[in-house]
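Summary of structural features
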Amino acid sequence: QVYLVESGGGLVQPGGSLTLSCTTSESRLTMINMAWHLQAPGKERELLADIDWGGESHYADSYKGRFTISIDNAKNMLYLHMNDLQPEDTAVYYCNGEIAVPGRSTMYDRWGQGTQVTVSS
């Protein structure tokens, strides 16, 4: 099966840092075009940042400077490094992207299950 698995969420104090991780369900799968999204309480899900297989990334204006998206193709891992977290960053964070399967021309668009990040003292 083709799916994404996230980890790394939790409770952090204001000003703290956290790194989220996302990987595929099988090591033979390859992440191609990936992104992190977040959904804050009572708000719609929004795009935070995206990155392609070559490492070129883009950020929503609100998250430039504090958040960094990265991809390790050798380990098949997607990361979101978050610094100087504030209570307004409290949300469920989702990874999403196109997954390539060996021997198949079609890529699969998949979402992770979401991981909760809570910023509170």
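Parameters at a glance
- Residues numbered from 1 in each chain as written.
- Predicted model: local features only at pLDDT ≥ 70, side-chain atom pairs only at ≥ 80, totals over all residues.
- Heavy atoms only, no water.
- Disulfide = S-S within 2.5 Å.
- Helix = DSSP H or I, 4+ residues; strand = E, 2+ residues; numbered from the N terminus.
- Buried < 20%, exposed > 50% of the residue type's maximum accessible area, 1.4 Å probe, protein only.
- Contact = heavy atoms within 4.5 Å.
- Polar contact = N/O pair within 3.5 Å; in protein donor to acceptor, adjacent residues only side chain to side chain.
- Salt bridge = Lys/Arg side-chain N within 4 Å of Asp/Glu carboxyl O.

Structural notes on the state of the cysteines
Tallying each qualifying case throughout the model produces 1 disulfide. Cys22 shares a disulfide with Cys95; S-S distance 2.1 Å. On the S-S bond that ties Cys22 to Cys95, the torsion sits near 60°, and the link is right-handed. Of the two residues, Cys22 is situated in strand β3 (residues 18-24) and Cys95 in strand β9 (residues 91-100); the sequence distance between them amounts to 73 residues. On the accessibility criterion, Cys95 (0% relative accessible area) is buried.

Focus on the environment of Asp52
Its location among the elements puts Asp52 in the loop between β5 (46-51) and β6 (57-59). Ignoring sequence-local partners within four residues, the contact set of Asp52 consists of Ile32, Asn33 and Ile71. A polar side-chain atom of Asp52 sits 3.0 Å from the main-chain amide nitrogen of Gly54.

Looking at the pattern of salt bridges
Summed over all chains, the structure comprises 3 salt bridges. The salt bridge involving Glu26 is made with Arg28; its shortest N-O contact spans 2.5 Å. For Glu26, a relative accessible area of 25% gives the class partly exposed. Overall, the relative accessible area of 43% leaves Arg28 in the partly exposed class. The residue Asp61 makes a salt bridge to Lys64 at a minimum N-O spacing of 3.2 Å.

Regarding the side chain of Ser21
Mapped onto the elements, Ser21 comes out in strand β3. What makes Ser21 buried here is its relative accessible area of 13%.

Points about unusual backbone geometry
Phi at Asn76 takes a positive value of approximately 60°, unusual for a residue other than glycine. You can see Asn76 is positioned in the loop between β7 (67-72) and β8 (77-82). Since its relative accessible area comes to 9%, Asn76 is described here as buried. In this structure, Asp84 takes a positive phi of about 50° despite not being glycine.

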